Amino acid sequence: MSSIRLTPDQVQRCLHGVGYEIFVQSFFDSNSDGIGDLNGLRQKLDYLSDLGITLIWLMPIHPAKTYHKYDVEDYLTVHPDYGTLDDFRHLITECHQRGILVVLDLVANHTSYDHPWFRQAQLDSTNSYRDYYIWKDSERVIKLGVRAFDTSDINAAGLWHNVGPESEHFDWEEFEKRSKIPIDLNQDDRITSKLSSTHEETSTITTQSSKLSTNTYYAIFDPRMPDLNYDCERVQDEICRIGQTWLELGVDGFRLDAAKYFYKPSHLKSNISWWTKFRHAVSQINPSVYLIGEVWDLSNQIAPYLRSLDSVFNFELADLLISTILNEGNGSSLLNAYIRIMNIYQRETNRQVLDAIFLSNHDQNRVMSVFNNNLSKGKLAAALLLTLPGLPFIYYGEEIGMLGMKPHDKYRREPFLWSTTQTQGQTTWLEPLYTKVSNGCVPLDQQLIDPNSLVNHYKKLIQTRCQSDVLLFGLLKHVATRIRSLCLFEREYNGKSVLIAHNLGHRMQRIPIPDNYYQIIFSTDNDKQNITNRQVNLQGFSTIIIESN
């Protein structure tokens, strides 16, 4: 089955619409084994299309040992729990028929311990795959010194690991119990906390395991996931071929996992050079390929990657959006911070960047857990996200208010709650701790018939966005106000404009409306909102969008 590609114009419209991150395992189960799969996702494409989604990002779908599948054993096929390559081809075809792009998670910083490359590489130092990975006894590591490979992002298990059962069967939950590592349930994995560890702290951990060993390899994230060596040109060529193969199958782009870690020791220019080479290789198959990088850092560290990538996830903005809503913060300060980030990007690239914006992802506490299940704040967060320029991403279930947080990542990736009465298709691979009716969660089928539900709020916002070229493509212009809780801005495109007002506080605010704005195209209060004497009363945690004539 051949997949019909979207035209370049259609691709650009999709890339300014709304993206949706999906953990296939938790989405929809087509064969009653309790595990979500590609055919299940295909059965729910009408739901996503009706919601207004224009791009889906699939978390890893390849064979792997872990539930999360970021430990890839085979890059060129599909995990048997998820289906087959034919199932994947059918999914691509039906997505494209609905005008939905498909972006695949490409996990190429590391492989699984069980990947054939690593199984060969560990046999002896003369094996042809040895140089695919980073070994402590290699000439390069000895020359640079082990300490050169230290990083501030070290995990608690360390960086260097010995080949053997302890690494092969490493289990994070057991490791944390055994190590008595304290887990702060309220400490979210956001920029402010992620960058707080010092280099001195990490050096102590790595030094403890610095004893030279013949079969000691480097793995920044997990002993089961050895890092690839990008100083090896054969590795680069392998990954380029893998990208080309998936594009030939009809994929529209890649989410590039851990994009800043590929060179060790960390070397920005080498990373950028590699991603430029990768772009050149995949563009030969699809000139419109979309490359979006995960560079979990502050905006000035993210910006250089935009020389070779279309987008990078804006982690700094995600933190600002959440903290501003959580604390009823300053709307003008939020907009000034956004403009500062965009200016950094533009100075670095000398082009208008397609910003990838979001509220949370699979590595972070879910938004409604952060907001303590406050529906008004959840709606406000959605409105802020979906009225800004760029490509906004929704994490699956965010639109129905799914909950999820530590102690372990899997509880931030719980099964999508479709219904409490119709269990067919409901995934059951994990017993949820958070997304339960007893915790105040409302299943999708009940929300769809409630006009004031969170999912209908998302649906209306997405529809408003996707029907307006101004909201899709327009630039942002800050509108000054003395009212601290108001976030006021205009979007302008092709001589047209819309005025957007968000009330970040709990008190009602009166907003003057300029004469050229007359038509309310969205309001949190639905049909109750009117312009009276060129003013609008905007309730707490509410949004209004007004179109110019």
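Before reading further, recall that the structure is shown in the block above.
The residue count restarts for each chain, going from 1 along the sequence in the order it is written. In keeping with the predicted nature of the model, local features appear solely for residues at pLDDT of at least 70, side-chain atom pairs appear and are counted solely at 80 or more, and the whole-chain, interface and lining totals rest on all residues. Side-chain calculation: all heavy atoms of the structure are included, whereas hydrogens and water are not.

A.B. asks: Help me understand the packing of helix 11 (residues 233-248) against helix 12 (residues 268-283) in this model?
C.D. replies: Axes are the key here: two packed helices are described by the angle between their axes and the distance separating the axes. At a minimum axis separation of 9 Å, helix 11 and helix 12 run at an interaxial angle of 40 degrees. One way to sum up the angle between helix 11 and helix 12 is to call them oblique. As helix 11 runs across helix 12, the sense of the crossing is right-handed. Facing Glu233, Gln236, Asp237, Ile239, Cys240, Gly243, Gln244 and Leu247 of helix 11, the residues of helix 12 in contact are Trp274, Lys277, Phe278, Ala281 and Val282. Gly is placed with the polar residues, together with every amino acid not listed as nonpolar (Ala, Val, Leu, Ile, Met, Phe, Trp, Tyr, Cys and Pro) or charged (Asp, Glu, Lys and Arg). For the contact of helix 11 with helix 12, a count of residues per class yields 7 nonpolar, 3 polar and 3 charged. Here an axis means a line fitted to C-alpha atoms, over the contact stretch when the element is a helix, while the angle between two N-to-C directions is reported on a 0 to 180 degree scale. Each helix corresponds to a stretch of at least 4 residues labelled H or I by DSSP, and each strand to a stretch of at least 2 residues labelled E; elements are numbered beginning at the N terminus. Geometric relationships in this document are graded by angle, where less than 35 degrees denotes roughly parallel, more than 145 denotes roughly antiparallel, 65 to 115 denotes roughly perpendicular, and other angles denote oblique. The handedness criterion is simple: a crossing whose near helix is rotated anticlockwise from the far helix by less than a right angle is left-handed, and one whose near helix is rotated clockwise is right-handed. Any two residues having at least one pair of non-hydrogen atoms within 4.5 Å are treated as being in contact.

A.B. asks: Would you take a moment to explain unusual backbone geometry for this structure?
C.D. replies: The bulk of non-glycine residues show a negative phi, and the bulk of peptide bonds are trans. A cis amide bond links Lys264 to the next residue, Pro265, at an omega of -5 degrees. With respect to the helices and strands, the residue Pro265 is situated in the loop between strand 6 (253-256) and helix 12. With phi around 50 degrees, Glu328 is a residue other than glycine that occupies positive phi space. Checked against the element boundaries, Glu328 lands in the loop between helix 14 (315-326) and helix 15 (331-349).

A.B. asks: Is there a simple way to explain the packing of aromatic side chains in this structure?
C.D. replies: Geometrically, a pair of aromatic rings is defined through the distance of the ring centres and the angle of the planes. Aromatic contacts are taken between Phe, Tyr and Trp rings whose centres are within 6.5 Å, Trp giving its six-membered ring; a plane angle under 30 degrees counts as stacked, one over 60 as edge-to-face, and the others as tilted. If you walk through the whole model with that rule in mind, you get 43 aromatic pairs. Relative to Tyr133, the ring of Phe118 has its centre 4.9 Å away and its plane inclined at 75 degrees; by these criteria the two rings are edge-to-face. Of this pair, Phe118 sits in helix 5 (residues 116-121) while Tyr133 sits in the loop between helix 5 and helix 6 (139-144), and the two are 15 residues apart along the sequence. With centroids separated by 5.9 Å and ring planes inclined at 70 degrees, the aromatic side chains of Phe149 and Trp160 adopt a geometry described as edge-to-face. With a gap of 11 residues between them, Phe149 in the loop between helix 6 and strand 4 (160-162) and Trp160 in strand 4 connect regions that are remote in the sequence. Exposure class is identical for Phe149 and Trp160. Each is buried. Seen from the ring of Phe28, Lys44 lies directly overhead, with NZ or CZ sitting 4.7 Å from the centre. For each residue, the accessible area found with a 1.4 Å probe, counting protein chains only, is set against the maximum for its type, and the residue is called buried under 20%, exposed over 50%, and partly exposed in between. Distance and angle both matter: a charge sits over a ring if NZ of Lys or CZ of Arg is within 6 Å of the ring centre and within 35 degrees of the ring normal.

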